[in-house]
Amino acid sequence: MNPGSFFSELKRRNVYKVAVAYIVAGWALSQGIAQVFPVFDISNWAIRLIVLLIIIGLPIALILAWMFEITPQGIKRTATADAMPGATRGKKQVWIYVVVIGAAISMGLFFLGRYSARSITGAAGTGISQKSIAVLPFTDLSPNRDQESFSDGMTEEILNALAHIKDLKVVGRASSFFYKGKNVSLKQIGSELGVANILEGSVRKQGEQVRITSALSRAADGLQVWSKNYNGTLTNIFDLQESCARDIAAELNVALADPSEARLVEKSTDNTQAYTLFVEAQTLVSRRVGDSLPRAIALLEEATRLDPKFGRAWAKLAVALAVEPQYASADWQTNWRAADKAAHQAIDLDSKSAEAYAALGYIDFSRRRYREMVEPAQRAVEIDANDVTANFWLANQLASTGRTVEAEAANDRALKADPGNALIVYYKATLRWRQGDSDTTLKLANRAEALGSPLAGMILCDFAWRKGDHDLAAEQFSRGFSAFRTGFSKEDLGAIYRGVYGDEAARKAALTVVARNPHDQFAGTLLLLLGEPEQSFASFEQDGVGISDAYLNWLWLPEKYARKARQHPAFQSFAKRIGLVDYWKQNRWPDVCQPAPEKGQDAFACQ
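Basis of the calculations
Residues numbered from 1 in each chain as written. Predicted model: local features only at pLDDT ≥ 70, side-chain atom pairs only at ≥ 80, totals over all residues. Heavy atoms only, no water. Axes fitted to C-alpha atoms, helices over the stretch in contact; angles between N-to-C directions. Helix = DSSP H or I, 4+ residues; strand = E, 2+ residues; numbered from the N terminus. Parallel < 35°, antiparallel > 145°, perpendicular 65-115°, else oblique. Contact = heavy atoms within 4.5 Å. Nonpolar A, V, L, I, M, F, W, Y, C, P; charged D, E, K, R; others polar. Buried < 20%, exposed > 50% of the residue type's maximum accessible area, 1.4 Å probe, protein only. Pairing = 2+ DSSP bridges. Salt bridge = Lys/Arg side-chain N within 4 Å of Asp/Glu carboxyl O. Disulfide = S-S within 2.5 Å. Expected span 1.5 Å × (residues − 1). Arc of directions from axis to C-beta. Core = buried A, V, L, I, M, F, W, Y, C linked by side-chain atoms within 4.5 Å. Polar contact = N/O pair within 3.5 Å; in protein donor to acceptor, adjacent residues only side chain to side chain. Phe/Tyr/Trp six-rings, centres within 6.5 Å; stacked < 30°, edge-to-face > 60°. Lys NZ or Arg CZ within 6 Å of the ring centre and 35° of its normal.

## Details of the packing of helix α26 (residues 533-543) against helix α29 (residues 569-577)
Next, step 1: Packing of α26 against α29 leaves a shortest axis separation of 10 Å and a crossing angle of 10 degrees. What the angle tells us is that α26 and α29 run roughly parallel. Facing α26, whose interface residues are Glu534, Phe537, Phe540 and Glu541, α29 presents Ala570, Phe571, Phe574 and Arg577.
Next, step 2: Residue composition of the contact of α26 with α29, by class: 5 nonpolar, no polar and 3 charged.

Here it is, written out as structure tokens:
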């Protein structure tokens with residue numbers, strides 16, 4: 001058969017038409033499943049398999065088209081169909097119909113996918129995005145089960161890598177780690193955190209060898225839809241994390257902006273020992289109980305000694321040093337200097353280190369450099385608008401200076417990223433308390449307590465007092481203040497509670513208790529609550545403690561003792577001396593205070 005007659009025969013047997021019809025129908029089917037399958041959480045491997053089968057089916061369809069013909073009497077061999085009368089009329093339009101039907105199916109599946117996606121989201125009643133995930137703490141499967149901090153650190157590293165994906169919602173560390181060791185269903189976790197997917201896994205570290213196992217499940221029904229092992233060494237640990245993060249993004253149908261875009265996981269050091277120390281330390285910094293911060297600082301100092309160009313380690317060291325005096329025995333002045341040096345070292349190595357800028361802002365805040373804290377705090381949020389620490393510390397600063405509405409907006413950004421973070425939930429409760437929203441305040445305080453925050457006691461005691469349960473209220477008050485380093489015992493704090501909420505005799509007894517420990521970092525705060533603003537101002541000003549938010553926040557509550565303090569004549573000069581007035585004039589005045597120039601250049605009036 002010559003080429004000309006061969007191609008004529010292809011045309012006569014409708015092979016061309018079959019090819020066109022098959023391609024159209026295959027394209028319609030592939031487009032349809034691409035729209036519909038993700039809505040029902042059908043894994044990507046099923047989509048890929050069907051597309052592969054469609055491709056393989058093309059040559060088979062062409063062979064069948066050569067051998068058989070569609071006629072009004074059904075499918076016949078080509079030779080038989082040619083001999084039938086009216087055969088040409090029976091097969092003239094059939095392939096056009098196939099093309100039209102294929103196009104109709106494609107459009108129908110497209111709109112069905114769009115409609116179903118909206119319907120499922122609406123039916124859930126929660127607005128939970130299908131492209132959302134929580135990363136639960138990975139289990140330590142190392143031979144001696146002695147790598148828990150490393151396993152937790154690996155979890156955090158993968159979580160951070162996923163957080164860099166623009167179209168993927170990833171809840172923060174505190175929210176995910178709350179469920180560590182708890183027997184809670186994936187459905188409950190998904191509902192409480194507002195995510196559709198849960199990533200679990202394990203880490204096995206033996207010497208330089210590392211195996212990371214990841215398993216992705218649907219939160220709605222707990223069904224595992226994907227799992228994979230990643231084997232390597234500490235030398236290529238960043239590549240393992242990168243592969244894991246990208247595989248998860250692909251499985252959730254999250255398109256990266258550009259296949260050639262920057263890595264999700266930065267190779268922050270070539271020193272494997274330094275990186276191991278960093279991974280263990282960041283878990284301890286987040287924990288902030290017992291000796292976790294001193295241990296973390298020792299690990300980070302060694303990591304930066306091993307690799308002086310390890311920017312992330314310097315930034316984490318700055319954070320640890322900045323907060324250590326609140327939770328452990330450390331000197332504020334010494335830590336401020338060391339933290340400031342570490343933060344600047346981190347920025348010199350990485351000018352886009354949001355964590356380092358946030359640390360600088362917090363250090364200035366602790367040192368009462370209120371005007372200076374603004375620029376680094378804003379810079380941190382500009383670098384990473386979703387950074388939990390940057391937004392939370394910005395909320396601290398705004399709340400402490402009386403800018404409640406702005407503080408709540410910043411805190412809400414942190415809460416959106418980390419909805420199960422007990423500290424951020426507690427802070428939200430205090431901001432609602434300021435606004436007089438008692439119902440929401442109580443609900444949030446109970447939520448913070450359920451999440452493990454003892455600080456909630458400082459709010460819940462007020463509600464217990466209103467109900468007349470003074471024993472419970474005294475216990476909650478003591479528990480709240482004991483969360484930080486303080487020289488006051490629980491018995492002392494119980495007596496102080498009764499002075500705050502009791503009669504004059506109880507108040508005087510409480511003042512005697514405070515007088516026995518006048519240099520405690522909470523002495524000024526307790527004097528404020530006991531209705532002694534002048535003594536309170538003097539205590540805060542003279543002792544120079546670094547927890548500005550633990551003192552200043554009490555000034556802006558709608559309580560009698562707070563109004564007495566901010567309306568006291570001594571508050572005018574106090575606010576000027578510690579730098580608040582200059583801060584307000586440069587930025588914005590508190591929500592409940594306004595300048596009063598008729599009374600003096602720096603005068604103001606507060607509600």
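## Quick notes on the pairing of strand β3 (residues 132-135)
Remember that side chains alternate between the two faces of the sheet whenever the strand is regular.
Next, step 1: The alternating pattern of β3 places Ser132 and Ala134 and Ile133 and Val135 on opposite faces, both of which are buried.
Next, step 2: Looking at chain direction, β3 and strand β5 (residues 169-170) are connected through 2 bridges and run parallel. The residue bridging Ile133 from the neighbouring strand is Val170, located in β5.
Next, step 3: As paired elements, β3 and strand β6 (residues 197-206) share 3 bridges and run parallel to each other. Its bridge partner being in β6, Ala134 is matched across the sheet by Ile198.

## Considerations on the pattern of salt bridges
Next, step 1: This structure, assessed with the given rule, holds 29 salt bridges.
Next, step 2: Between Lys180 and Asp152 there is a salt bridge, with the nearest N and O atoms lying 2.6 Å from each other. Remark: Asp152 occurs in helix α7 (residues 148-163) and Lys180 occurs in the loop between α8 (173-177) and α9 (186-193); sequence separation between them is 28 residues.
Next, step 3: Judged by its relative accessible area of 31%, Lys180 is partly exposed.
Next, step 4: Put simply, Asp492 and Arg516 hold a salt bridge, and the shortest N to O gap is 3.6 Å. Highlighted residues: Asp492 in helix α23 (residues 490-501) and Arg516 in the loop between α24 (504-515) and α25 (523-529), separated in sequence by 24 residues.
Next, step 5: For Arg516, a relative accessible area of 57% gives the class exposed.

## Regarding the state of the cysteines
Next, step 1: Tallied over the entire structure, the rule returns 1 disulfide.
Next, step 2: In this model, Cys593 is linked to Cys606 through a disulfide, with the two sulfur atoms separated by 2.0 Å. Residues Cys593 and Cys606 are joined by a disulfide whose S-S torsion is about 105 degrees; by sign, that bridge is right-handed. Placement of Cys593 in strand β9 (residues 593-595) and of Cys606 in strand β10 (residues 604-606) is noted, with a sequence separation of 13 residues between them.

## Topic: helix α12 (residues 292-306)
Owing to its 3.6 residues per turn, the α-helix brings residues three or four apart onto one side.
Next, step 1: When the terminal C-alpha atoms of α12 are compared, their 21 Å separation across 15 residues agrees well with the 21 Å that a helix rising 1.5 Å per residue should span.
Next, step 2: When α12 is considered as a whole, its buried residues turn out to be Ser292, Leu293, Ala296, Ile297, Leu299, Leu300, Ala303 and Thr304. For α12, the angular spread of the buried residues around the axis is 165 degrees, confining them to a single face.
Next, step 3: Buried residues along α12 sit against α11 (272-287) and α13 (311-327).

## Some points on the nonpolar core
Next, step 1: One finds Leu162, Leu199, Ile496, Leu526, Phe571 and Trp584 to be the most contacted residues of the largest nonpolar core, which totals 168 residues.
Next, step 2: With 10 residues, α13 is the single largest residue contributor to this core.

## Overview of the side chain of Gln476
Next, step 1: By the element assignment, Gln476 lies in helix α22 (residues 470-481).
Next, step 2: Its relative accessible area of 8% is what places Gln476 among the buried residues.
Next, step 3: Ignoring sequence-local partners within four residues, the contact set of Gln476 consists of Gly457, Met458, Leu460, Cys461 and Ala464.

## Thoughts on unusual backbone geometry
Next, step 1: Of note, Arg145 is a non-glycine position whose phi angle comes to about 50 degrees, a positive value.
Next, step 2: One can find Arg145 in the loop between β4 (139-140) and α7.
Next, step 3: The backbone of Arg368 shows a phi angle near 65 degrees, a positive value even though the residue is not glycine.
Next, step 4: Looking at where Arg368 falls in the secondary structure, it is placed in the loop between α15 (354-366) and α16 (374-383).

## What to know about α24
Next, step 1: Between its first and last C-alpha, α24 extends 17 Å over 12 residues, near the 16 Å set by a 1.5 Å rise per residue.
Next, step 2: Those residues of α24 lying buried are Ala506, Arg507, Ala510, Leu511, Val513 and Val514. End-on, the buried residues of α24 take up no more than an arc of 155 degrees, which puts them together on one face. Every exposed residue of α24 that faces more than 90 degrees away from the buried side is listed here: Ala505, Lys508 and Ala515.
Next, step 3: Buried residues belonging to α24 abut α23 and α25.
Next, step 4: A side-chain oxygen of the first residue of α24 lies 3.3 Å from the backbone nitrogen of Ala505; this N-cap is Asp503.

## Focus on the packing of aromatic side chains
Next, step 1: For the coordinates displayed, the defined rule picks out 30 aromatic pairs.
Next, step 2: Aromatic pair Tyr362 and Trp393: ring centres 4.3 Å apart, planes at 25 degrees, arrangement stacked. You can see Tyr362 sitting in helix α15 and its partner Trp393 sitting in helix α17 (residues 388-400), a full 31 residues away along the chain.
Next, step 3: By relative accessible area, which is 3% here, Tyr362 ends up buried.
Next, step 4: For Trp393, a relative accessible area of 5% corresponds to the buried category.
Next, step 5: Aromatic side chains Phe481 and Trp554 sit 5.9 Å apart centroid to centroid with 15 degrees between the ring planes, which places their arrangement in the stacked category. Of the two residues, Phe481 sits in helix α22 while Trp554 sits in the loop between α27 (548-552) and α28 (560-566), which places them 73 residues apart along the sequence. The burial state of Phe481 is the same as that of Trp554; both residues are buried.
Next, step 6: A network of ring pairs unites the aromatic residues Tyr327, Trp433, Trp465, Phe477, Phe481, Phe484, Tyr497, Tyr501, Phe522 and Trp554 as a single cluster.
Next, step 7: If you follow Lys182 out to its NZ or CZ, it ends over the ring of Phe178, 4.3 Å from the centre.

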